[in-house]
Amino acid sequence: MIAKTEEDFNGLKEIGKIVAEIRDVLVQKTKPGVTTKELDDIAGEMFEKAGAISAPKGEYDFPGYTCISVNEEVAHGIPGKRVIAEGDIVNIDVSGSKNGYFADTGISFVVGEGAPILSKICKVAKEAFEEGLKKAKPGSKKSGIGKAVIQTARKNGLTAIYNLTGHGIGRSIHEKPDHIYNYFEKWDDELLKEGMVIAFEPFISTQEEEVFQKDDGWTYVTKKSFVAQLEHTLILTKNGPIIITL
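I will try to describe carefully the structure that is included in this document. Predicted, not measured: the structure shown is a model, and the values here were computed from it. (Residues numbered from 1 in each chain as written. Predicted model: local features only at pLDDT ≥ 70, side-chain atom pairs only at ≥ 80, totals over all residues. Heavy atoms only, no water.)

1. As for the packing of aromatic side chains
Counted by the stated rule, this structure contains five aromatic pairs. With centroids separated by 5.0 Å and ring planes inclined at 90 degrees, the aromatic side chains of Phe62 and Trp218 adopt a geometry described as edge-to-face. Taken together, the positions of Phe62 in the loop between α3 (55–60) and β2 (67–70) and Trp218 in the loop between β11 (212–213) and β12 (220–221) put the pair 156 residues apart, joining distant regions of the chain. Look at Phe62 and you get buried, because its relative accessible area is 2%. Judged by relative accessible area, which is 26%, Trp218 ranks as partly exposed. Summarising the aromatic geometry, the rings of Tyr162 and Tyr183 are spaced 4.1 Å apart at their centres and angled 0 degrees between planes, so their arrangement reads as stacked. (Phe/Tyr/Trp six-rings, centres within 6.5 Å; stacked < 30°, edge-to-face > 60°. Helix = DSSP H or I, 4+ residues; strand = E, 2+ residues; numbered from the N terminus. Buried < 20%, exposed > 50% of the residue type's maximum accessible area, 1.4 Å probe, protein only.)

2. Side note on the pairing of strand β4 (residues 89–98)
Taking burial as the measure, the ten residues of β4 include ten buried ones, the bulk of the element. In β4, alternate side chains face the same way, and those of Ile89, Asn91, Asp93, Ser95 and Ser97 on one face and Val90, Ile92, Val94, Gly96 and Lys98 on the other are all buried. Pairing between strand β1 (residues 53–54) and β4: two bridges, direction antiparallel. Bridged to Ser54 within β4 is Gly96. In terms of strand pairing, β2 meets β4 through four bridges, oriented antiparallel. Bridge pairing in β4 links Ile68 to Ile92. Examined bridge by bridge, β4 and strand β5 (residues 101–110) share ten bridges and lie antiparallel to one another. Paired with Ser95 across the bridge in β5 is Asp104. Between β4 and β5, which follow one another and run antiparallel, lie two residues, and Asn99 among them has a positive phi close to 55 degrees. (Pairing = 2+ DSSP bridges.)

3. Details of the pairing of β5
Across the ten residues that make up β5, a large majority, nine, are buried. Pairing geometry for β5 and strand β13 (residues 227–235), over two bridges, is antiparallel. Looking at the pairing, Ile107 lines up with Leu230 of β13.

4. Things to note about unusual backbone geometry
The residue after Lys176, namely Pro177, is reached through a cis peptide bond having omega -5 degrees. Tracing the sequence through the fold places Pro177 in strand β8 (residues 175–180). A positive phi is found at Asp61, a non-glycine position, where the angle reads about 55 degrees. When you line up the elements, Asp61 lands in the loop between α3 and β2. A relative accessible area of 64% means that Asp61 is categorised as exposed. Phi angles above zero are rare outside glycine, and Asn99 is one such case at about 55 degrees.

5. Observations regarding the environment of Arg154
Inspection of the secondary structure assignment puts Arg154 in helix α5 (residues 143–155). The sequence separation of Arg154 and Val197 amounts to 43 residues, and the corresponding C-alpha distance is 28 Å.

6. Side note on helix α2 (residues 36–50)
Here α2 contains 15 residues, and its C-alpha end-to-end distance of 21 Å stays within 8% of the 21 Å for a straight helix at 1.5 Å per residue. Taken residue by residue, α2 has Thr36, Leu39, Asp40, Ala43, Gly44 and Phe47 as its buried positions. In a view along the axis of α2, the buried residues occupy a sector of 150 degrees, so they form one face of it. Of the exposed residues in α2, the ones pointing more than 90 degrees away from its buried face are Glu45, Glu48 and Lys49. Lining the buried residues of α2 we find α1 (6–29), β1, β2 and β4. (Expected span 1.5 Å × (residues − 1). Arc of directions from axis to C-beta. Contact = heavy atoms within 4.5 Å.)

7. Observations concerning the environment of Val149
Position of Val149 among the secondary structure elements: in helix α5. In this structure the C-alpha to C-alpha distance between Val149 and Tyr183, which are 34 residues apart in sequence, comes to 6.3 Å. Filtering out sequence-adjacent residues up to four positions away, Val149 remains in contact with Ala128, Ala160, Asn182, Phe200, Pro202 and Ile204.

See below:
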């Protein structure tokens, strides 16, 4: 989507604020002993109260209002009976729509005290996001964002997930541009445009560079790695990107 009007900016900011609030409440409620289904139920109540629609449920009939992934799960984890434990790394991913505008956000974090490597990948995911954000300028090559992500990962002795990417967003949950890579692709020379709305989401990995889908048809997992993600929805402007999901 290219945001052009005041109505566009206000509509995007409204749904951005809603999904950010749901994300933050779920992070706050993620304690040892809670199930992922209990967290998702809170999200469902918040979506209804805000007059908004869960994007995964509304667009794809996903079996949950949010995606909640734990430990070996990287993305699209289905909320259920899984009980959160001390030291788990958890990813909360919240996307939704209101009045025809969409926003998407996610964050990985460690519950209580966990292995130092888990805190490290969460920290590096934030750093990679901040470095990529510097490249999110109208007129710049889209590939510069991915280059910043993989350089940040490698500088810290880590890598990125290659087959999970950011994407365009705005009037639907996934739209052009199809991919915001977390690595450098020389041919990916599309120029970013003023008003472009994107979901930028670095995935930082301890070892593996690809995830695979479980038999449930939704959840992406690794075999031997831990992964952390940070995602926000941005509107690109000549004065710098506006993060609507803070």
